[in-house]
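Understanding the architecture of this molecule
Here are the chains, one letter per residue:
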Amino acid sequence: MESQRGDGGSVDLDGTSLETLAPEPLLTRDYEVRPALVYERLRQQHGPVAPVDLLGVPAWLVLGYRESLQVLQDDEGWPKGLENWRARTEGRVPSDWPLWPSLEVNHILIQGGPGYRPLRTAWDVALKPFQDPRHPQAKRLKAAVTAYADELITLVGQGGATGVADLSAQFSRPLPLMVASHLLGFPGSQGDDALMDMWRVLDAGPDAEAALERLLATLAELAALKLEKPGDDFPSYLLAAHPDLSLDQLARELFMLLGMTSDHVGILISNTVVEVISGEGSVRASLSAGMVRESMNRVVMRKPPLVNFVPRFAARDTPLGNYTIRAGDPVWVSPGAAHADPLFADHVASGTTISTRAHLSWGAGPRQCPARELASAVAAAGVGRLFERFDHLDLALPADQLPWRSSPFMRGLRSLPVRYELASVPPPRPWADAPAPGVAEEILPDPAARQRSSLWRYLTGLIRGGR
Ligand code: HEM
């Protein structure tokens, strides 16, 4: 069988298959520390598409910018859906493969097939009120982010007006979790307890499996509640847009929202904070809302929260890069690698005021992120408030020594130690564009209930621990 080379030549690949190439493991210590070097080595060795071993299972990793677009823009040629995976159908993927739990909760991000289109349409409809800046829900959301950010910053301040804090654990991670609880319409602070299970799932520790079960059960209860008594929240909007969804399906979609919001938005906030603190003085000096968005675009391009996308599968034998991908082979598009492809990197002018939006950090083609505006608005409001409430924020470690955590899908800061000085006079809350007076009281849960919640006890523990 013949395949096209990226340079216009061709290689005869008769008889080869992904399995017989005996690919090297991707997720090594090297990858954890310096993924860029691993991507470059693979690119040198194989060109824009490389065979890799993902925790014992072979897959293709797409490193080229052009090849990534080719896959992402052709949903018919490269569909999602585990039912398209040949090795899985043939029983060649071990049942204890560590990535099953992430891929088998069959929600919109993973799914292919005829159920996908109506589900995507419903997601677009249900997200719209939160993403249209003129809509009262979008205004409420912005007010909520500011109110939650204030709660968290005030809690940090209980450790002293100046001090050291871990802004990842004490701000970037909990803030989106509180936002997710708001979007899901959890009554009061009831969501706090359940949502801490999301961290256990994301951290993939020994209690992750039990946490996932509890979380799905809680989300199924929430789904039932919203079916009986709809509110102004995402689950109710999704049900209205897709009345055929079963409660179990709805719970899985809510799980997806929770994961994306709490993990990826948290990573984006931390990375943007680092960019603002360690970037040029001008970035910090002109932290107008527009400038936060521009910093965030640079950050999301240089450090995509999703470094590798969940798999797609070749619908038929198809040449890609220097290889022919067999029908049913899994293909992982890697924006982390594609952004370093000279074809892309050489055309990103670092000196320009406005950075390119042609990057892949929000995906591309029909399956790109439907919540880009929501995620950016939440992160921008959170970061904006942070820099209003602190007079000084400095990294407590050199930027190149900050600790990272990686999974096959994401890469984010493990912690973000900073030295801070709170503003002596807290700035007023920007309620001017809030939907109504008294919005904070309406949005924030009863303070006594908040303090009893496990999230709050955890956060308070971080202060007492003097971190
Ligand atoms: C910084 C935060 C976020 C980033 C960087 C991000 C990025 C992405 C990317 C790259 C994809 C495409 C993946 C692929 O092609 O396989 C995607 C899909 C998706 N994202 Fe986001 N996302 C973020 C936040 C969110 C949030 C907060 C939500 C929900 C409220 C969300 C909902 C979705 C959904 C539903 C899809 C699947 C779309 C489909 O398959 O049609 N994302 N996201």
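The structure under discussion appears in the preceding block.
Throughout what follows, the structure given in this document is the object of discussion. Within every chain, residues take consecutive numbers counted from 1 along the sequence as written. Where local features are concerned, this predicted model is filtered to residues with pLDDT of at least 70; where side-chain atom pairs are given and counted, the filter is 80 or more; whole-chain, interface and lining totals use all residues. Note that the side-chain values use all heavy atoms of the structure and ignore hydrogens as well as water.

1. So, the overall build of the chain
Strands here are runs of E lasting at least two residues and helices are runs of H or I lasting at least four, both read from the DSSP assignment and numbered beginning at the N terminus. Helix and strand counts for the chain stand at 21 helices and 14 strands. Contacts spanning at least 24 positions in sequence make up 74% of the contacts within the chain whose residues lie at least 6 apart. Here a residue-residue contact requires only that any non-hydrogen atoms of the pair lie within 4.5 Å.

2. What to know about the pairing of strand S14 (residues 417-422)
If DSSP finds at least two bridges between two strands, the strands pair. Bridge analysis of strand S6 (residues 162-166) against S14 gives five bridges, and the strand direction is antiparallel. Looking at the pairing, threonine 162 lines up with glutamate 421 of S14. Taken together, the five bridges between strand S11 (residues 390-395) and S14 define a ladder with antiparallel strand orientation. Residue leucine 395 lies in a different strand from S14, and its bridge partner there is valine 418.

3. Concerning unusual backbone geometry
In the Ramachandran plot, alanine 22 falls in the positive-phi region, its phi being about 45° despite a non-glycine side chain. Of note, leucine 55 is a non-glycine position whose phi angle comes to about 50°, a positive value.

4. Overview of the environment of serine 246
In this fold, serine 246 is placed in the loop between helix H12 (234-241) and helix H13 (247-278). Partly exposed residues are those whose accessible area sits between 20% and 50% of the maximum for their type, while under 20% is buried and over 50% is exposed, using a 1.4 Å probe and protein chains only. Note on serine 246: relative accessible area 31%, which makes it partly exposed. Along the chain, serine 246 and alanine 223 lie 23 residues apart, while their C-alpha atoms are 9.3 Å from each other.

5. Brief notes about the packing of H12 against H13
The N-to-C vectors of H12 and H13 enclose an angle of 135°; their axes lie 11 Å apart at closest approach. With respect to H13, the element H12 is oriented oblique. Handedness of the crossing formed by H12 with H13: right-handed. Within the contact between the two elements, H12 uses Phe234, Pro235, Leu238 and Leu239 and H13 uses Leu250, Glu253, Leu254 and Leu257. Only the stretch in contact is used when fitting a helix axis, every axis being a line fitted to C-alpha atoms; angles between N-to-C directions are given from 0 to 180 degrees. The labels follow the angle: roughly parallel below 35 degrees, roughly antiparallel above 145, roughly perpendicular from 65 to 115, and oblique for the rest. Note on convention: the crossing is left-handed when the near helix lies turned anticlockwise from the far helix by less than a right angle, right-handed when the turn is clockwise.

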